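What follows is each chain in one-letter form.
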Amino acid sequence: QVQLVESGGGLVQAGASVRLSCAASGRTFSSYAMGWFRQAPGKEREFVGGISQSGATTYYPDSVKGRFTISRDNAKTTVYLQMNSLKPEDTAVYYCAAGHFSGGILLVREEYTYWGQGTQVTVSP
């Protein structure tokens, strides 16, 4: 079992950068593919990035490609989401998630088993 705790959210102005962290409990962190999702009020939870077990492979949807970067430190059992050039439409609660998968990246919400509680990111115009 894995427990995930996100941190790093807050209120920023458009164009700013924020780095989110997700600390995982347990000694099997490196066996999980990790992902970041976000959910704005009244909207579906949206995938914003995924990373493979080793960290060698990442994937982003077009909505954040070139602005967001996901990384992980398996020794620190932590996954990060670096967000640059933030826009007001990036305002959401951001969640990290973990899923058992050795084949690369999980893209679908239902494929993830464990979720953090989320951290709010608000981008003002």
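As shown above, the structure is provided for reference.
Below or above, wherever it landed, is the structure these notes cover. None of the values given here were measured: they were computed from a predicted structure. (Residues numbered from 1 in each chain as written. Predicted model: local features only at pLDDT ≥ 70, side-chain atom pairs only at ≥ 80, totals over all residues. Heavy atoms only, no water.)

### Re the state of the cysteines
Basically, it comes down to this: Count a disulfide wherever a pair of cysteine sulfur atoms falls within 2.5 Å. Secondary structure counts use DSSP, requiring at least four H or I residues in a row for a helix and at least two E residues in a row for a strand, with both numbered from the N terminus. A 1.4 Å probe rolled over the protein chains alone gives each residue an accessible area, and that area as a share of the maximum for its type sets the label: buried under 20%, exposed over 50%, partly exposed in between.
Counting across every chain of the model gives one disulfide. A sulfur-sulfur separation of 1.9 Å characterises the disulfide bridge that pairs Cys22 with Cys96. Looking along the S-S bond of the Cys22-Cys96 disulfide, the torsion reads about 45°, which is the right-handed sense. In this pair, Cys22 sits in strand S3 (residues 18-24) while Cys96 sits in strand S9 (residues 92-100), placing the two residues 74 residues apart along the sequence. Considered together, Cys22 and Cys96 belong to a single accessibility category, that of buried residues.

### Some thoughts on the sheet that holds strand S7 (residues 68-73)
The cut-off we apply is this: Two strands are counted as paired when DSSP detects at least two bridges linking them. To get an axis, a line is fitted to the C-alpha atoms, and for a helix only the part in contact is used. The angle between two axes follows their N-to-C directions and goes from 0 to 180 degrees.
An order of S1-S3-S8-S7 is seen for the four strands of this open sheet, with the pairing classed as antiparallel. Two strands in the sheet have a free side with no partner beyond their single neighbour: strand S1 (4-7) and S7. The mean inter-strand angle of the sheet, taken between neighbouring strand axes irrespective of direction, is 15°. Bridging between S3 and strand S8 (residues 78-83) involves six bridges; their strand directions are antiparallel. Across the sheet, residue Ala23 finds its bridge partner in S8, namely Thr78.

### Description of the pattern of salt bridges
The condition that has to hold: We define a salt bridge as a contact between a side-chain nitrogen of Lys or Arg and a carboxyl oxygen of Asp or Glu at a distance within 4 Å.
The full count for this structure, using the stated rule, is four salt bridges. A salt bridge links Arg67 to Asp90, with the nearest nitrogen and oxygen atoms 2.7 Å apart. Of this pair, Arg67 sits in the loop between strand S6 (58-59) and S7 while Asp90 sits in the loop between S8 and S9, and the two are 23 residues apart along the sequence. Like Arg67, the residue Asp90 is buried in the burial classification. It is possible to trace a salt-bridge network through shared partners that takes in Arg38, Glu46, Arg67 and Asp90.

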